[in-house]
Amino acid sequence: EYVDGQDLSQTVDEHGPLSPEQAVDCIVQAARGLEFAHQKGVIHRDIKPSNIMITLIDDRAIPKVIDFGIAKATQQSLTDKTL
């Protein structure tokens with residue numbers, strides 16, 4: 001599925017640095033997304049700016065964590081097939 005937006009590095013390059021408030025809000029939202037994955041038994045293992053997509057809505061940075069390609073299941077096998 002396609003995620004709308006730009007990665008964090010592209011967003012900063014194109015729009016300039018996030019304000020301190022935007023940065024904190026973005027970090028909190030991304031951390032909540034990772035916490036949700038952890039609760040489901042999935043560890044991302046490759047968090048970096050290019051794996052955080054940002055959509056700007058009314059000057060609010062909305063992050064989406066992407067690319068779980070090298071994620072690790074902590075509790076059970078996620079699937080018996082390669083995706």
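So, here's what we can say about the structure. (Residues numbered from 1 in each chain as written. Predicted model: local features only at pLDDT ≥ 70, side-chain atom pairs only at ≥ 80, totals over all residues. Heavy atoms only, no water.)

### Observations regarding the overall build of the chain
- Summing up its helical and strand segments, the chain has two helices and five strands in all.
- Helices (α) and strands (β) of the chain occur, in sequence order from the N terminus, as β-α-α-β-β-β-β.
- By the burial criterion, 22% of the 83 residues in the chain qualify as buried.
- Pairs at least 24 residues apart make up 66% of the contacts formed inside the chain by residues separated by at least 6 positions. (Helix = DSSP H or I, 4+ residues; strand = E, 2+ residues; numbered from the N terminus. Buried < 20%, exposed > 50% of the residue type's maximum accessible area, 1.4 Å probe, protein only. Contact = heavy atoms within 4.5 Å.)

### Some points on the sheet that holds strand E4 (residues 60-65)
- Pairing within the open sheet is antiparallel, and its three strands lie in the order E1-E3-E4. At either margin of the open sheet sits one strand with a lone partner, and together these are strand E1 (6-7) and E4.
- Strands strand E3 (52-57) and E4 of the sheet are contacted by helix H2 (residues 20-39), whose axis makes an angle of about 25° with E4. (Pairing = 2+ DSSP bridges. Axes fitted to C-alpha atoms, helices over the stretch in contact; angles between N-to-C directions.)

### What about the pattern of salt bridges?
- With the rule as written, the count across this model stands at two salt bridges.
- Two residues, Asp25 and Arg60, come together in a salt bridge whose shortest N-O distance is 3.0 Å. One end of the pair, Asp25, is in helix H2; the other, Arg60, is in strand E4, with 35 residues separating them in the sequence.
- Judged by relative accessible area, Asp25 falls into the partly exposed class, the value being 25%.
- Note on Arg60: relative accessible area 41%, which makes it partly exposed.
- One salt bridge connects Lys48 with Asp46, and the closest N-O pair in it is separated by 3.5 Å.
- Residue Lys48 is classed as partly exposed on the basis of its relative accessible area of 36%. (Salt bridge = Lys/Arg side-chain N within 4 Å of Asp/Glu carboxyl O.)

### Notes on the pairing of E4
- Examined bridge by bridge, E3 and E4 share six bridges and lie antiparallel to one another. The residue of E4 that forms the bridge with Thr55 is Ile62.

### Here we look at the pairing of E3
- Pairing geometry for E1 and E3, over two bridges, is antiparallel. By the bridge assignment for E3, Asp7 is matched with Met53.

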